[in-house]
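Below, each chain spelled out in residue letters.
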Amino acid sequence: MEFNHLQFNVLMALRQGTMETLGDIAKECASSLASINQVINDLLKDQMIEKTGAYQLTEKGNQLIQTYGVENAIILAAGFSSRFVPLSYECPKALLSVHGERMIERQIRQLHEVGIYQITLVVGYLKEKFDYLIDLFGVELVYCEDYAQRNNLSSLYCVRHKLSNSYVLSSDNYMVDNLFHAYEYDSWYCTVKAEAETEEWCVFTDHKNRIRRVELGGFQEWHMYGPVYFSKEFSEKIRPLLESAYHRPGTKNYYWEDVLCNHLDTLEIFANQQSRKVVYEFENLEELRVFDKTYQVNSKNETMKVIARVFNVEERQINGIVPLKLGMTNRSFLFEVCGESYICRIPGEGTDQLINRQEEYATYRALAPLQFTEVLVHFDPKTGIKIAKYEENTRALNTENVDELKAAMAMLKKLHTSDIQVDHSFDMGKSIRFYEKLCMDRHAILFEDYSKVRANMDLLLERLQSYPLVKTMAHIDANCDNFLVDDDLKMTLIDWEYAGMCDPLIDLSMFAIYSHFSKDQVEHLMQYYFHREPNEDERIRVYAYMALGGFLWSLWALYKQALGLSFGAYTLNMYRYAKAYYQEVIKL
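Within each chain, residues carry numbers counting from 1 in the order of the written sequence. Reporting in this predicted model follows two pLDDT cut-offs: at least 70 for local features of residues, and 80 or more for side-chain atom pairs to be given and counted; totals over whole chains, interfaces and linings ignore these cut-offs and use all residues. Where side-chain values are given, they derive from all heavy atoms of the structure, hydrogens and water being excluded.

Quick look at the overall build of the protein chain
Each helix corresponds to a stretch of at least 4 residues labelled H or I by DSSP, and each strand to a stretch of at least 2 residues labelled E; elements are numbered beginning at the N terminus. Helix and strand counts for the protein chain stand at 22 helices and 25 strands. Expressed along its principal axes, the backbone C-alpha trace of the protein chain runs to roughly 105 × 55 × 45 Å. Burial analysis of the protein chain (588 residues in total) assigns 54% to the buried set. Across the protein chain, the fraction of contacts at a sequence separation of at least 24, relative to all contacts at a separation of at least 6, is 70%. Residue burial considers only the protein chains on display, and all accessible areas are found by Shrake-Rupley using a 1.4 Å probe. A total of about 27600 Å² of accessible surface is found on the protein chain, and carbon and sulfur atoms cover 47% of it. Note on exposure labels: buried denotes an accessible area under 20% of the residue type's maximum, exposed denotes more than 50%, and partly exposed covers the range between, all computed with a 1.4 Å probe on protein chains only. The criterion used for residue contact is that any of the two residues' heavy atoms lie within 4.5 Å.

Encoded structure:
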């Protein structure tokens, strides 16, 4: 007998208890009496059921049902959820409470309700936050090593050996009704119908509701949304496809669903259509506020409390939250209050070891007369949280535009020739020793020739000390991205965390290495700054600070990497500047 879905439903109905008539079975299975009559005859013939006054399941039928038992659930919980900043800075999205219940706990309880206790959580970002679930629910945690560099394909890949008759779930889904069962017949992906335009993955099915095609975006289409179920047969087929995709170049941004969509000809999966009022994937705080109105008043997030207090508004009036990827020291996001846009900066991991916020606060106060920093609305020197007006209609400086380069050098010259002074200085040697100690304390992996390069840096520091240097106010972190320019070449210089009294030529050097300038470009930059050819001592100082700056920032990146962050080729690029421009100084 070829076992089909209706036969499965009949066996499941009889598993719940005996039934007297075909009408009872038809009603339970939501099928016609004629169809049920045919199924019952087939099942009686194959001894899956028997009729002894009432219809009931035989041992053979029960054994068949057991092969469709759900064995486990895999919950993907490694991601950062960038669209939920600033809440996700403090708490993984999955651990947010909705109507008084954490989303991931609700899913686990729903799984337990149907007898599924083998539950694996794939974690990454803020992985420690999930540890309590081991004790509370007996779940297993699996850490995804490359969650920060890859999309969720890597999460499913690292637990691919666990795939069998399995639910594959997103940790931040919220199901009003329990969609899980102890037994499942087909592989399926939950779908809901969009009310209008959607950017979700829209599914197109055949007459049996098998998914045949997927397109990104559509109008009033059924689209992927919520939980997924893999049968054992499906798992066996998709496992090698996951492995192949994971190891294939160019798949860092792949979702596991990309693998599914690319192989729908061989992967049989059906659309499990559900109401929008049953399944929720909260894309951002605005959507969560609509569903759970407590978030309009109190998101239980410290940064949101600060913003509400600063602007004297309720949290519901903080809107338009967008994460920003600018900067490597801080986490920042854009938001709106009363129609005005602002940027909030939150210090990143380990920043309290690197930045003196009291000194940064003093810098902003001292620079106020120059009026070319961002406009501060709030600065807390204890926490480092900073709120500034968003510079409308501006962009980062274009290092290929000569006029913009000249304007940037003019701005630095104005800073260096001003009478602005602060009580703190930037000491390159001291900073290198400090970052070096941080790296050693964290057992950061240093370069193979570190000792040799470190000795060369000491020689440069000694050489610089031989100059009768006059210290001025310097930005220190004069990254080209910190120069915001509008169409009229009006500039704003932002992010003064490292600023202090120092040799002013350090700013030219930092600008050069952050812009990845060649030697010829550095020569032009010095001419724009001096309005003449630099003399030999000036050129040596610029080159020396380029080498020392490269060395310093490579240590900074190594320390950050020891904290679990990654900066790709940045570390190598900075270290290369240390070596190359040490040689340039030697030549001079």
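More follows now that the structure is in view.
Considerations on the sheet that holds strand 21 (residues 395-396)
The strand order across the open sheet built from three strands is 21-23-24, with neighbouring strands paired in antiparallel fashion. The open sheet terminates on both sides in strands that have one partner only, identified here as strand 21 and strand 24 (491-493). This element, helix 16 (residues 402-417), spans strand 21, strand 23 (483-485) and strand 24 of the sheet and lies at about 50° to strand 24. Paired strands, in this sense, are two strands between which DSSP finds at least two bridges. Axis definition: a line fit to C-alpha positions, over the contact stretch in the case of helices; interaxial angles, taken between N-to-C directions, run 0 to 180 degrees.

Focus: the packing of helix 16 against helix 20 (residues 519-530)
Remark: helix 16 packs on helix 20, axes separated minimally by 8 Å, with the N-to-C direction vectors making an angle of 55°. The orientation of helix 16 relative to helix 20 falls into the category oblique. As for the relative orientation of helix 16 and helix 20, their crossing is right-handed in sense. Taken together, the residues of helix 20 that come into contact with helix 16 (itself represented by Val-402, Leu-405, Lys-406, Met-409, Leu-412, Lys-413 and His-416) are Leu-525, Tyr-528, Tyr-529 and Phe-530. Charged residues are taken to be Asp, Glu, Lys and Arg, nonpolar residues to be Ala, Val, Leu, Ile, Met, Phe, Trp, Tyr, Cys and Pro, and polar residues to be all remaining types, Gly included. Split into classes, the residues belonging to the contact of helix 16 with helix 20 amount to eight nonpolar, one polar and two charged. Any angle that falls under 35 degrees is termed roughly parallel, while one over 145 is termed roughly antiparallel, one within 65 to 115 roughly perpendicular, and all others oblique. Rotating anticlockwise by less than a right angle from the far helix to the near helix defines a left-handed crossing, while the corresponding clockwise rotation defines a right-handed one.

Some details on the packing of aromatic side chains
Stacked, edge-to-face and tilted labels apply to pairs of Phe, Tyr and Trp rings (six-membered ring for Trp) whose centres lie within 6.5 Å, assigned for plane angles under 30 degrees, over 60, and everything in between, in that order. The final tally for this structure, using the stated rule, is 37 aromatic pairs. Pairing Tyr-174 with Phe-291 gives two aromatic rings, centres 5.2 Å apart and planes at 70°, and the pair type is edge-to-face. You can see Tyr-174 sitting in strand 9 (residues 173-175) and its partner Phe-291 sitting in helix 11 (residues 285-291), a full 117 residues away along the chain. Residue Tyr-174 is classed as buried on the basis of its relative accessible area, which comes to 6%.

A closer look at the packing of helix 19 (residues 505-514) against helix 21 (residues 536-562)
Two numbers describe a pair of packed helices, the interaxial angle and the distance between the axes. Where helix 19 contacts helix 21, the two axes come as close as 8 Å, and the packing angle between them is 55°. In this view, helix 19 runs oblique relative to helix 21, as classed from their interaxial angle. In this structure, helix 19 crosses over helix 21, and the sense of that crossing is right-handed. Mapping the contact onto sequence places Leu-505, Ile-506, Ser-509, Met-510, Ala-512, Ile-513 and Tyr-514 in helix 19 and Glu-538, Arg-541, Val-542, Tyr-545, Met-546, Gly-549, Gly-550 and Trp-553 in helix 21.

Examining the nonpolar core
Residues enter a nonpolar core if they are buried and are Ala, Val, Leu, Ile, Met, Phe, Trp, Tyr or Cys, with the set joined through side-chain atoms within 4.5 Å. Counting residues in each nonpolar core, the largest one holds 85 residues, and the members touching the most others are Met-428, Phe-483, Phe-511 and Trp-553. Looking at this core element by element, the count peaks at 16 residues for helix 21. For Met-428, the residues in contact, after removing those within four places along its chain, are Leu-461, Ile-506, Met-510, Tyr-545, Leu-548, Gly-549 and Leu-552. Ile-104, Phe-180, Cys-190 and Val-278 belong to the second-largest nonpolar core, a separate cluster that totals 59 residues.

Digging into the environment of Asp-403
Its place among the elements puts Asp-403 in helix 16. Its relative accessible area of 49% is what places Asp-403 among the partly exposed residues. Sequence separation between Asp-403 and Thr-373 is 30 residues, and the spatial gap between their C-alpha atoms is 20 Å.

What about unusual backbone geometry?
In this chain, Val-85 is followed by Pro-86 through a cis amide linkage whose omega measures 0°. Positive phi values are uncommon outside glycine, yet Leu-126 reaches one of about 50°. Looking at the element boundaries, Leu-126 is found in the loop between strand 6 (119-123) and helix 7 (132-137). Classification of Leu-126 as partly exposed rests on a relative accessible area of 24%. Here His-443, not a glycine, exhibits a phi torsion of approximately 55°, which is positive. Tracing the backbone shows His-443 in the loop between helix 17 (428-441) and helix 18 (450-465).

Considering the pairing of strand 11 (residues 197-205)
Looking at chain direction, strand 11 and strand 12 (residues 211-219) are connected through seven bridges and run antiparallel. Residue Phe-204 lies in a different strand from strand 12, and its bridge partner there is Arg-213. In textbook terms, the turn of a hairpin is the stretch between consecutive antiparallel strands, and for strand 11 and strand 12 this stretch comprises five residues, one of which, Asn-209, has a positive phi near 75°.

Let's talk about the sheet that holds strand 18 (residues 340-347)
Taken together, five strands build an open sheet; the order of strands is 16-17-18-20-19 and the sheet is antiparallel. The open sheet has two edge strands, strand 16 (318-324) and strand 19 (376-379), and neither has a second partner. Neighbour to neighbour, the strand axes of the sheet diverge by 20° on average, direction disregarded. In this structure, strand 16 lies alongside strand 17 (residues 330-337), joined through five bridges in antiparallel fashion. Across the sheet, Ile-318 pairs through a bridge with Val-337, a residue of strand 17. The strands touched by helix 13 (residues 302-311) are strand 16, strand 17, strand 18, strand 19 and strand 20 (386-389); relative to strand 17, the strand with the most contacts, the crossing angle is about 45°. Here helix 15 (residues 357-367) sits on the sheet in contact with strand 17, strand 18, strand 19 and strand 20, set at roughly 155° to strand 19.

Some remarks on the pattern of salt bridges
Every case where a carboxyl oxygen of Asp or Glu lies within 4 Å of a side-chain nitrogen of Lys or Arg is listed as a salt bridge. Within this structure, the stated rule accounts for 34 salt bridges. Glu-105 serves as the salt-bridge partner of Arg-109, at 3.1 Å between the closest nitrogen and oxygen. Placement of the pair is Arg-109 and Glu-105 together in helix 6 (residues 103-113), with a separation of four residues, close to one helical turn. Look at Glu-105 and you get buried, because its relative accessible area is 10%. The salt bridge partner of Lys-162 is Glu-140, with a shortest N-O separation of 2.9 Å. Residue Lys-162 is found in the loop between helix 8 (153-157) and strand 8 (166-170), and its partner Glu-140 is found in strand 7 (residues 140-143); the two are separated by 22 residues along the sequence.

A closer look at the state of the cysteines
By definition, disulfides here are pairs of cysteine sulfur atoms that lie within 2.5 Å. Scanning the model with the defined rule gives zero disulfides in all. Unpaired in this structure, Cys-344 has its nearest cysteine sulfur neighbour in Cys-338, at a distance of 16 Å.

As for the side chain of Asn-152
With respect to the element layout, Asn-152 can be found in the loop between strand 7 and helix 8. Once you skip the residues sitting within four places of it in the chain, Asn-152 turns out to touch Leu-76, Tyr-254, Tyr-255, Trp-256 and Glu-257.

Observations regarding the side chain of Asn-482
Among the structural elements, Asn-482 can be located in the loop between strand 22 (472-474) and strand 23. When residues no more than four places from it in sequence are discounted, the contact partners of Asn-482 are His-475, Asp-477, Thr-492, Leu-493, Ile-494 and Asp-495.

Remember, this is a structural readout, not a statement about activity or role.
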